[in-house]
Amino acid sequence: MIVLMARYRVEDLDRFLTVFKGFEATRRDHGATGHRLLGSPLEDPKRVVALIEFGSRKEAEAFAVSAAREAALDQAGVLERVDEILEDVAP
(Lines give C-alpha, C1' and ligand atoms only; values in the text may rest on other atoms or scores of the structure.)
Protein backbone atom coordinates (compact mmCIF):
# COMPACT_ATOMS: atom_id res chain seq x y z
CA MET A 1 0.00 0.00 0.00
CA ILE A 2 1.14 3.53 -0.82
CA VAL A 3 0.10 6.48 1.36
CA LEU A 4 0.27 10.16 0.57
CA MET A 5 0.77 11.80 3.97
CA ALA A 6 -0.22 15.44 3.65
CA ARG A 7 0.32 17.76 6.61
CA TYR A 8 -1.79 20.88 6.33
CA ARG A 9 -2.17 24.18 8.15
CA VAL A 10 -5.66 25.51 7.39
CA GLU A 11 -7.55 28.76 7.88
CA ASP A 12 -10.65 27.02 9.24
CA LEU A 13 -11.06 23.32 10.06
CA ASP A 14 -14.77 23.14 9.19
CA ARG A 15 -14.16 24.73 5.80
CA PHE A 16 -11.32 22.30 5.12
CA LEU A 17 -13.42 19.28 6.12
CA THR A 18 -16.33 20.37 3.91
CA VAL A 19 -14.11 20.73 0.85
CA PHE A 20 -12.20 17.52 1.62
CA LYS A 21 -15.44 15.54 1.84
CA GLY A 22 -16.72 17.04 -1.42
CA PHE A 23 -13.48 16.05 -3.16
CA GLU A 24 -13.95 12.31 -2.53
CA ALA A 25 -14.93 11.40 -6.11
CA THR A 26 -11.95 13.28 -7.55
CA ARG A 27 -9.55 11.50 -5.19
CA ARG A 28 -11.02 8.16 -6.27
CA ASP A 29 -10.73 9.17 -9.95
CA HIS A 30 -7.00 9.66 -9.29
CA GLY A 31 -6.66 6.17 -7.78
CA ALA A 32 -7.22 6.82 -4.06
CA THR A 33 -8.68 3.80 -2.28
CA GLY A 34 -9.29 5.34 1.14
CA HIS A 35 -8.18 7.96 3.63
CA ARG A 36 -7.94 9.02 7.27
CA LEU A 37 -7.87 12.53 8.67
CA LEU A 38 -6.01 13.16 11.90
CA GLY A 39 -5.61 16.24 14.03
CA SER A 40 -5.40 17.61 17.51
CA PRO A 41 -8.32 20.04 17.68
CA LEU A 42 -7.71 21.02 21.29
CA GLU A 43 -3.99 21.68 20.85
CA ASP A 44 -3.95 23.17 17.35
CA PRO A 45 -7.25 23.16 15.43
CA LYS A 46 -5.55 24.52 12.33
CA ARG A 47 -3.34 21.45 11.80
CA VAL A 48 -4.62 18.43 9.90
CA VAL A 49 -2.86 15.32 8.63
CA ALA A 50 -4.43 13.42 5.74
CA LEU A 51 -3.36 9.84 5.04
CA ILE A 52 -4.61 9.04 1.54
CA GLU A 53 -4.14 5.48 0.31
CA PHE A 54 -3.30 4.56 -3.28
CA GLY A 55 -2.66 1.36 -5.17
CA SER A 56 0.60 2.62 -6.65
CA ARG A 57 3.29 5.24 -6.13
CA LYS A 58 2.64 6.55 -9.65
CA GLU A 59 -1.02 7.30 -8.78
CA ALA A 60 -0.04 9.02 -5.52
CA GLU A 61 2.62 11.14 -7.23
CA ALA A 62 0.24 12.18 -10.02
CA PHE A 63 -2.49 13.11 -7.55
CA ALA A 64 -0.09 15.08 -5.36
CA VAL A 65 0.68 17.52 -8.19
CA SER A 66 -2.69 17.50 -9.96
CA ALA A 67 -4.37 20.77 -10.89
CA ALA A 68 -7.63 19.50 -9.39
CA ARG A 69 -5.97 19.01 -6.01
CA GLU A 70 -4.34 22.44 -6.13
CA ALA A 71 -7.70 24.06 -6.80
CA ALA A 72 -9.36 22.12 -3.97
CA LEU A 73 -6.62 23.06 -1.51
CA ASP A 74 -7.05 26.73 -2.41
CA GLN A 75 -10.82 26.42 -1.95
CA ALA A 76 -10.28 24.64 1.38
CA GLY A 77 -8.17 27.47 2.77
CA VAL A 78 -4.91 25.54 3.06
CA LEU A 79 -2.17 27.92 4.17
CA GLU A 80 0.73 25.44 4.25
CA ARG A 81 1.26 21.87 3.18
CA VAL A 82 3.97 19.25 3.31
CA ASP A 83 3.52 16.07 1.28
CA GLU A 84 5.33 12.78 1.74
CA ILE A 85 4.71 9.51 -0.07
CA LEU A 86 5.16 6.47 2.15
CA GLU A 87 4.89 2.74 1.61
CA ASP A 88 4.68 -0.37 3.74
CA VAL A 89 8.10 -1.59 4.80
CA ALA A 90 6.93 -4.65 6.74
CA PRO A 91 3.98 -7.01 6.31
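Owing to the predicted nature of the structure, the values given are computational and were not obtained by experimental measurement.

## A closer look at the packing of helix α1 (residues 13-22) against helix α4 (residues 67-76)
- For the pair α1 and α4, the least separation of the axes is 8 Å and the interaxial angle reads 150 degrees. Taken together, the axes of α1 and α4 are roughly antiparallel relative to one another. Classified by chirality, the crossing of α4 by α1 is right-handed. Contacts between α1 and α4 involve R15, F16 and V19 on the former and, on the latter, A72, D74, Q75 and A76.
- Each residue belonging to the contact of α1 with α4 can be placed in one class, and the counts come to four nonpolar, one polar and two charged.

## Observations regarding the pairing of strand β3 (residues 44-54)
- As defined by bridge partners, strand β1 (residues 2-10) adjoins β3 across eight bridges and the pair is classed as antiparallel. Across the sheet, R9 pairs through a bridge with R47, a residue of β3.
- The hairpin turn running from strand β2 (residues 32-40) into β3, its antiparallel successor, is three residues long.

Cut-offs used in this document
Residues numbered from 1 in each chain as written. Predicted model: local features only at pLDDT ≥ 70, side-chain atom pairs only at ≥ 80, totals over all residues. Heavy atoms only, no water. Axes fitted to C-alpha atoms, helices over the stretch in contact; angles between N-to-C directions. Helix = DSSP H or I, 4+ residues; strand = E, 2+ residues; numbered from the N terminus. Parallel < 35°, antiparallel > 145°, perpendicular 65-115°, else oblique. Left-handed = near helix turned anticlockwise from the far one by under 90°. Contact = heavy atoms within 4.5 Å. Nonpolar A, V, L, I, M, F, W, Y, C, P; charged D, E, K, R; others polar. Pairing = 2+ DSSP bridges.

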